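Overview (structure and organization)
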Amino acid sequence: SQTIHQWPATLVQPVGSPLSLECTVEGTSNPNLYWYRQAAGRGLQLLFYSVGIGQISSEVPQNLSASRPQDRQFILSSKKLLLSDSGFYLCAWATTTGISGNTIYFGEGSWLTVV
Amino acid sequence: AQSVTQLGSHVSVSEGALVLLRCNYSSSVPPYLFWYVQYPNQGLQLLLKYTTGATLVKGINGFEAEFKKSETSFHLTKPSAHMSDAAEYFCAVSGPGRRALTFGSGTRLQVQP
């Protein structure tokens, strides 16, 4: 069966510090990978998605970036965090077959507080 | 473009009462529709989805939703609320050629004893 792991689960970072959130998927190959952010009362916002190694699509211009160095690894990064980057970050995956109707499966999320 | 509107950011029901969470969508392509549930400090779990075929979709935990094209709606219902149903619920839309889901802003369900 497929599993998704995301870490760290929580972190508190000062303004201007770097960020690295990591996500890996097991039990599948060539998945679509996603990073969503959930801010309080604002639902889920798609940040990035990837359909393959090195292929990243950005949905929202900001000071975050994403990379996919391996087929089942997806990393969310920032060089300098802003207060507005605080939120709950969710990694997710979906199979590429019949993309649109496929379920997207979510990790357990990472709480980021920028202070 | 696609969008989802969830009416009511908070809904409160009594245990045993009907649960109705509203979702309306906008889509320029035939929609695929999803409901997810999120328990505190956790990721999202799929409740049910509609892609094609029967418009009444049954999901886990006794929930169901009906796709009504004429009303552009996909409301989530459960005949009898249980305390364990207290959570946040998200409606989402996708469609042919879309690689990601567009989510609504969520509805927090409270269940009163």
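Residue numbers restart at each chain and count upward from 1, following the sequence in its written direction. Chain letters and ligand numbers both follow the written order, the letters beginning at A and the numbers at 1. Restriction of local features to residues with pLDDT of at least 70 applies here, the model being predicted, together with a cutoff of 80 or more for giving and counting side-chain atom pairs; totals for whole chains, interfaces and linings are based on all residues. The side-chain quantities take in all heavy atoms of the structure and omit both hydrogens and water.

1. Considering the overall build of chain B
In terms of helices and strands, chain B carries zero helices and twelve strands. The C-alpha radius of gyration of chain B comes to 13 Å, within 12% of the 13 Å expected for a compact globule of 113 residues. Reported as C-alpha extents along the three principal axes, the dimensions of chain B are approximately 45 × 30 × 20 Å. Of the contacts formed within chain B by residues at least 6 apart in sequence, a portion of 57% connects residues at least 24 apart. The accessible surface values rely on the Shrake-Rupley method and a 1.4 Å probe; as for residues, cover is taken only from the protein chains in view. Summed over all atoms, the accessible surface of chain B reaches about 5,300 Å², with 51% contributed by carbon and sulfur. Charged-residue counts in this description rest on Lys and Arg as positive and Asp and Glu as negative, His and the chain ends being excluded. Here the site of a charge means atom NZ of a Lys, CZ of an Arg, CG of an Asp or CD of a Glu. Across chain B, the 9 positively charged side chains and the 6 negatively charged ones have centroids separated by 11 Å. Only DSSP runs of H or I covering at least 4 residues are called helices, and only runs of E covering at least 2 are called strands; the numbering of each starts at the N terminus. Atoms counted for the radius of gyration: C-alpha only. Globule rule: 2.2 Å times residue count to the power 0.38. Contacts are residue-level and defined by heavy atoms, with any inter-residue pair within 4.5 Å sufficient.

2. Description of the environment of Gln73(A)
Residues and elements named next belong to chain A. Along the polypeptide, Gln73 turns up in strand S8 (residues 73-78). Along the primary structure Gln73 and Ile53 are separated by 20 residues, whereas in three dimensions their C-alpha atoms are 8.8 Å apart. Residue contacts for Gln73: discarding those within four places in its chain leaves Glu22, Cys23, Thr24, Leu33, Ser67 and Arg68.

3. Considering the sheet that holds S8(A)
Strand pairing in a sheet relies on backbone hydrogen bonds. The paired strands run either parallel or antiparallel. Residues and elements named next belong to chain A. Strand order in this open sheet of four strands is S1-S3-S8-S7, and the pairing throughout is antiparallel. Two strands close off the open sheet at either side, each with one partner strand: strand S1 (3-7) and strand S7 (64-70). In this sheet, neighbouring strand axes are inclined to one another by 15 degrees on average, regardless of whether the strands run parallel or antiparallel. DSSP-based pairing: two strands are paired if at least 2 bridges between them are found. What counts as an axis is a line fitted to C-alpha atoms, over the stretch in contact for a helix, and the angles between N-to-C directions run from 0 to 180 degrees.

4. So, the pairing of strand S5 (residues 32-38) of chain B
Residue and element names in this part refer to chain B. Burial runs high along S5: seven of the seven residues are buried. Burial along S5 is two-sided: Tyr32, Phe34, Tyr36 and Gln38 facing one way and Leu33, Trp35 and Val37 facing the other are all buried. Looking at chain direction, S5 and strand S10 (residues 87-94) are connected through seven bridges and run antiparallel. Within S10, the residue paired with Leu33 across the bridge is Val93. Where S5 and strand S6 (residues 44-50) come together, six bridges link them in antiparallel fashion. Only protein chains enter the accessibility calculation, which uses a 1.4 Å probe. A residue is then buried if its area is under 20% of the maximum for its type, exposed if over 50%, and partly exposed in between.

Purely spatial values, then, with no claim about function.
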